[in-house]
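# Residue-level structure breakdown
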Amino acid sequence: MTDYTWTVIGAGPAGIAAVGRLLDHGITETEIAWIDPHFAAGDFGGKWRAVSSNTTVAHFLDYLTASPAFGYTDSPGFELDALAPQQTCPLGLVADPLVWISRRLCARVSPLRTVATELVLRDRRWTVTTDAGSITSTKVVLATGSVPRTLPDIACEQIAIETVLDPQKLSEMPLEGMTVGVFGSSHSTMIALPNLLATPVTTVINFYRSPLKYAIPLGDWTVYDDTGLKGQAACWARENIDGTPPDRLERYRVDAPESAAMLRRCDRVVHTVGFERRRLPATPQWGTLDYDAATGILAPGLFGLGIAFPEYWIDPLGAGQYRVGMRKFMQRLDTVLPLWLRYDS
């Protein structure tokens, strides 16, 4: 087939959720095309397996068991299933069941192992151009993910974030005697710092903007759920940032007078300053598209989901934050998919 009712672009956690929920809502298997070059749980499965999660095992299992189409009760059993519900874990333990679910879904829908390059709306249908040809679709879900941000005008050689967050990869780098600068104060920062201090670097310098935030569970919701530190990163930060700094770690505000001189000391730098939307397929009719954070709509019949298109949520105390996480992507679909099913091009 080259003509579909729904096309999902991306096979990370958000794309997996989208395919599962479409099937749950009764969309026929032959009506769904799924585009991804690998179908290996996206960057989650390809880059971040060694990273300690800031999400509990219970919340991961909520996602894995939410969609009947996933068939997780029929899985062969994974190491994740045996962990205590309130503990965190390496993301690799979650990536394995995600890959299993992807294979199960690929056997039901039409998987296209390629990359989408252009989207054009014509006669109320989307033409999706890929590296392997074109298909048409009534509706399209973009679950294309995000990539790490880097700061401009930093001339020092970088260590990739996927390397610094993986102790094995980091141990293979020749860092002995070096000074490494780390920009940021995020969850990733509080994993990068102890990883670097476990290597033979001379000094680690952390450049930051503001005080740390810690997530605070309050029953059915969490203060700073998407901006605060959790899990092992929070424990380390309390003891070593807001507690007693370890030897070989220095910290400076980015706007401090001495920061420029400290940066000149650095042999390498690491950017742990968040993520930005991966480059989307071109939409020549409109140029660069943005999305409605309330509905996920980008254009008629075109929708965004996942870390690149997060829901903006106001918590009970009136603070706003963008909701990112596997269980949150599934909850987002439960809210907006009934709208998407009715919002035709």
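Look a little higher up for the structure.
Here's a quick rundown of the structure. (Residues numbered from 1 in each chain as written. Predicted model: local features only at pLDDT ≥ 70, side-chain atom pairs only at ≥ 80, totals over all residues. Heavy atoms only, no water.)

Before going further, it helps to spend a moment on the sheet that holds strand E8 (residues 179-183). Pairing is parallel across the open sheet formed by 4 strands, whose spatial order is E12-E9-E8-E13. Whereas interior strands pair on both sides, the edge strands pair on one side only; in this sheet they are strand E12 (249-253) and strand E13 (268-271). With strand direction ignored, the average angle separating the axes of adjacent strands in the sheet is 20°. Note: E8 against strand E9 (residues 203-208), 5 bridges, orientation parallel. Bridging from a neighbouring strand, Val182 pairs with Asn206 of E9. (Pairing = 2+ DSSP bridges. Helix = DSSP H or I, 4+ residues; strand = E, 2+ residues; numbered from the N terminus. Axes fitted to C-alpha atoms, helices over the stretch in contact; angles between N-to-C directions.)

Tracing the sequence through the fold places Thr130 in strand E5 (residues 125-130). With relative accessibility at 10%, the residue Thr130 sits in the buried group. Side-chain polar atoms of Thr130 contact the backbone nitrogen of Ala132, separated by 3.0 Å. With residues near it in sequence (within four places) discarded, Thr130 still touches Ile35, Thr114, Val115, Ala116 and Thr117. (Buried < 20%, exposed > 50% of the residue type's maximum accessible area, 1.4 Å probe, protein only. Polar contact = N/O pair within 3.5 Å; in protein donor to acceptor, adjacent residues only side chain to side chain. Contact = heavy atoms within 4.5 Å.)

The buried count for helix H7 (residues 189-197) comes to 8 of 9 residues, which makes it a mostly enclosed element. The complete set of buried residues in H7 reads Thr189, Met190, Ile191, Ala192, Leu193, Asn195, Leu196 and Leu197.

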